[in-house]
Amino acid sequence: MARDAPGTGRADTRCGVVALVGAPNAGKSTLLNALVGTKVSIVTPKVQTTRARVTGVAVEGRAQFVFADTPGIFSPRRRLERAMVDAAWSGARDADAVVLLVDSRRPADRDDDTARIAGGLAGAESPVVLALNKIDLVEKNRLLALSDALNGSGAFRETFMISALSGDGVEDLRDFLAGILPEGPWLYPEDQIADMPMRLLAAETTREKLFMRLHRELPYHLTVETEAWEERPDGSVGIDQVIYVSRRAHKGIVLGKGGRLIKSAGSAARAELEHAMERQVHLFLHVKVREGWLDEPARYREMGLEFPR
């Protein structure tokens, strides 16, 4: 729940929600982590990694940002994909400012998801900013051509050239956003960096490690839920998680030969959670076959998504 931060009710403070939107694999999660200054969203080379809206909180001077990393916007085919795209557009509609992040390696004249997103943002009530990402991988003349093509939509207040991975241009983007946020009190304490229940953050961490170890379509047919969370007397925490897969054949793949894959993913997830929580974590993973999980409203609620009818 949002809370007023102590001592931040002065008239010169600013606070607002900034939605990061774009096509899959544009680098939104990497940008969110760069803007916040630490990892709050999972990052993998695979597209459609982010499923629900992930929120990170950052402070710049007297301005507090509530950054929302939304799922990639594309042409959905499955129910889960429709829920993800709906969540992204909902995040854009509810935001005080919107950043359209674009992989600058895309052709400037191609009519794809990015062009459709730019067109969809043209009538937005909130200010919209264009950020061309991965500029270190593209020649300058191609960047300018892409900028001209996308700015033809008339949707954008300003355009920035950035590299979310290296941080190049990110500070300029953040400074600009700080100036257009609405005046008002901060919603969170100054030291809070994320608005996500730890149970969900832990599940997302495990899902990331599985994504990095699995190939082809299988990662998109699994979900991770934190089933139990035990605060132990010695200060450590015990976390039980269930990995749901949609087909019986997938269970063996997730486990890996001799259980090696799930052990590797669990070890990596535990180490990252211990670093983030600064305490010992006991992580227990279980794989269950649930053939209809992609059509169960409860699974969508657990991921923070609306179930599309």
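Everything below is about the structure printed above this text.
Residues numbered from 1 in each chain as written. Predicted model: local features only at pLDDT ≥ 70, side-chain atom pairs only at ≥ 80, totals over all residues. Heavy atoms only, no water.

> Lay out the packing of helix H7 (residues 248–255) against helix H8 (residues 260–277) with the relevant residues and their values.
It is at 5 Å that the axes of H7 and H8 come closest, and there the two elements cross at 60°. Classified by the interaxial angle, the pair formed by H7 and H8 is oblique. Contacts between H7 and H8 involve Ile 253, Val 254 and Leu 255 from the former and Arg 260, Leu 261 and Ile 262 from the latter. Among the residues making up the contact of H7 with H8, the classes are represented as 5 nonpolar, no polar and 1 charged. (Axes fitted to C-alpha atoms, helices over the stretch in contact; angles between N-to-C directions. Helix = DSSP H or I, 4+ residues; strand = E, 2+ residues; numbered from the N terminus. Parallel < 35°, antiparallel > 145°, perpendicular 65-115°, else oblique. Contact = heavy atoms within 4.5 Å. Nonpolar A, V, L, I, M, F, W, Y, C, P; charged D, E, K, R; others polar.)

> Requested: an account of the sheet that holds strand S6 (residues 158–161), with residues and values cited.
An order of S2-S3-S1-S4-S5-S6 is seen for the 6 strands of this open sheet, with the pairing classed as mixed. The open sheet has two edge strands, strand S2 (54–60) and S6, and neither has a second partner. The sheet shows a mean angle of 25° between the axes of neighbouring strands, direction not considered. Of the strand pairs in this sheet, strand S1 (residues 14–21) and strand S3 (residues 63–69) are connected by 7 bridges, and their pairing is parallel. When the bridges of S3 are listed, Val 17 appears paired with Val 66. (Pairing = 2+ DSSP bridges.)

> Give me the lowdown on the packing of aromatic side chains, citing residues and values where you can.
For the structure on display, the rule yields 2 aromatic pairs. When the centroid spacing of 4.9 Å and the interplanar angle of 15° are considered together, the rings of Phe 65 and Phe 67 count as stacked. A single burial state applies to Phe 65 and to Phe 67, both of which are buried. Between Phe 160 and Phe 176 the ring centres are 5.4 Å apart and the planes differ by 55°, which places this aromatic pair in the tilted class. Taken together, the positions of Phe 160 in strand S6 and Phe 176 in helix H5 (residues 170–180) put the pair 16 residues apart, joining distant regions of the chain. The buried category is assigned to Phe 160, whose relative accessible area is 13%. (Phe/Tyr/Trp six-rings, centres within 6.5 Å; stacked < 30°, edge-to-face > 60°. Buried < 20%, exposed > 50% of the residue type's maximum accessible area, 1.4 Å probe, protein only.)

> Got a sec to walk through the environment of Val 138? Specific residues and values, please.
Here Val 138 lies in the loop between strand S5 (128–133) and helix H4 (140–151). Look at Val 138 and you get buried, because its relative accessible area is 10%. Each C-alpha atom of the pair Val 138 and Arg 106 lies 9.6 Å from the other, and the pair is 32 residues apart in sequence. Beyond its immediate stretch of four places on either side in the chain, Val 138 contacts Ser 104, Arg 105 and Leu 143.

> How would you summarise the packing of helix H6 (residues 198–213) against H8 if you had to cite specific residues and measurements?
How two helices pack is summed up by the angle between their axes together with the distance between the axes. Viewed as axis vectors pointing N to C, H6 and H8 meet at an angle of 140°, and their least axial separation amounts to 9 Å. Accordingly, the angle class assigned to the pair H6 and H8 is oblique. Relative to H8, H6 is oriented so that their crossing is right-handed. Note on element contacts: H8 touches H6 through Leu 261, Ser 264, Ala 265, Ala 268, Ala 269, Glu 272, Leu 273 and Met 277, opposite Met 198, Ala 202, Thr 205, Thr 206, Glu 208, Lys 209, Leu 210 and Arg 213. In the contact of H6 with H8, the residues fall into 9 nonpolar, 3 polar and 4 charged. (Left-handed = near helix turned anticlockwise from the far one by under 90°.)

> Now, about the environment of Ala 271: what can you tell me, with residues and values included?
Inspection of the secondary structure puts Ala 271 in helix H8. Residue classification places Ala 271 among the partly exposed residues on the basis of a relative accessible area of 39%. C-alpha of Ala 271 to C-alpha of Val 281: the two residues are 10 residues apart in sequence and 8.0 Å apart in space.

> Before we move on, can you summarise the sheet that holds strand S8 (residues 237–245) with the specific residues and values?
What links the strands of a sheet is backbone hydrogen bonding, and the strands pair in either a parallel or an antiparallel sense. Read from one edge to the other, the open sheet built from 3 strands follows the order S7-S8-S9, with strand pairing classed as mixed. Two strands lie at the open edges of the sheet, namely strand S7 (222–231) and strand S9 (281–289), each paired on one side alone. Within the sheet, the average angular offset between the axes of one strand and its neighbour, ignoring direction, is 20°. In the sheet, S7 pairs with S8 via 9 bridges, with the strands oriented antiparallel. Its bridge partner lying in S8, Thr 226 is registered against Gln 241.

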